[in-house]
Amino acid sequence: MGADSGRYRGTESRISQWLRRRPKPQPEADDAARLALLLAVADAGMPISPAAHPSGYRCSCERVGCPTPARHPVSFAWQTQSTTDSAQIERWAAGQPLANFITATGMIHDVLDVPFTAGQAALERLTAAGIDVGPVARSGSDRMLFFTATRGTPDDEDEWWPCELDCHPETMDEHPGLRWHCRGSYVLLPPARLPGELDVHWIRGPENPLPDPLTLLETLTDACAQYADTADPSDLDHDAVAWPLSR
């Protein structure tokens, strides 16, 4: 009995020593890394503004049944509020340490938003072909974001595809699972936290030049079509509503 007691006390002592030796979290370092990533996006010319963040499994906006928890801007004026001004971004980051951030698309950049499985396959094909892909992010467990230069308003309006691409049932067959975020839209920007311990993080960072979206589009649509052929129908229904676009 006494021997066992001594053994257990020794074990407890070792555990206590190990716990004391463990490096403690450094929120200042995390905050600095977060700010550096946000400023890198701004340096690339992509405007940003604060967004909601997780509050447990709910959204910090406290809206009952929030349809996009921790994924939406905090201000209705997000389009005019979005900026690349480093001083303003530093103030936001310091004053709202839990906030996620969105980037407003259609001014400098667009985002091609696809199911993760399709995006992963497309990224491998594009990289193997030597195509300059540009920044790429993973959003949660099920989406991949390809950042591109904006198409703006080409002289030939027939070439311009609006941000509601593939958000209506009649377009699902042609471009299954693909959204093109441009004028009047936004995406959640890395680094971001989502409910359920998910996140948004860079696969290829914002230091990569923004490509013309048309250099990626064929490969992405092919990958999305293959994904649609093999995916469970309920997954496709989920994809269709995963990212409601602001207009």
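Residues numbered from 1 in each chain as written. Predicted model: local features only at pLDDT ≥ 70, side-chain atom pairs only at ≥ 80, totals over all residues. Heavy atoms only, no water.

A. Geometry of the overall build of the protein chain. Across its full length, the protein chain carries seven helices and eleven strands. Looking at the protein chain as a whole, 45% of its 247 residues qualify as buried. In the protein chain, 76% of the contacts between residues at least 6 apart in sequence involve partners at least 24 apart. Put simply, the protein chain shows about 13,200 Å² of open surface, and 52% of that area lies on carbon and sulfur atoms. (Helix = DSSP H or I, 4+ residues; strand = E, 2+ residues; numbered from the N terminus. Buried < 20%, exposed > 50% of the residue type's maximum accessible area, 1.4 Å probe, protein only. Contact = heavy atoms within 4.5 Å. Areas by Shrake-Rupley, 256 points an atom, 1.4 Å probe, with all protein chains shown as cover.)

B. Representation of helix 5 (residues 116-128) within the structure. If you check helix 5, its first and last C-alpha atoms are 18 Å apart, about what 13 residues at 1.5 Å a residue would give, namely 18 Å. Of the residues making up helix 5, those classed as buried are Phe 116, Ala 118, Gly 119, Ala 122, Leu 123 and Leu 126. Projected down its long axis, helix 5 shows its buried positions confined to an angular sector of 145 degrees, all on one face. In this structure, helix 5 carries Thr 117, Glu 124 and Ala 128 as exposed residues pointing more than 90 degrees from its buried face. Looking at the buried side of helix 5, the elements it contacts are strand 5 (109-115), strand 6 (136-139), strand 7 (143-149), strand 11 (198-204) and helix 6 (214-230). Two residues or fewer past helix 5, Gly 130 is found with a positive phi of approximately 75 degrees. (Expected span 1.5 Å × (residues − 1). Arc of directions from axis to C-beta.)

C. Region of interest: the pairing of strand 5. Burial analysis of strand 5 places seven of its seven residues in the buried class, the great majority of the element. Both strand 5 and strand 7 contribute to a ladder of seven bridges, which runs antiparallel. In the sheet register, His 109 faces strand 7, and the bridge partner there is Ala 149. (Pairing = 2+ DSSP bridges.)

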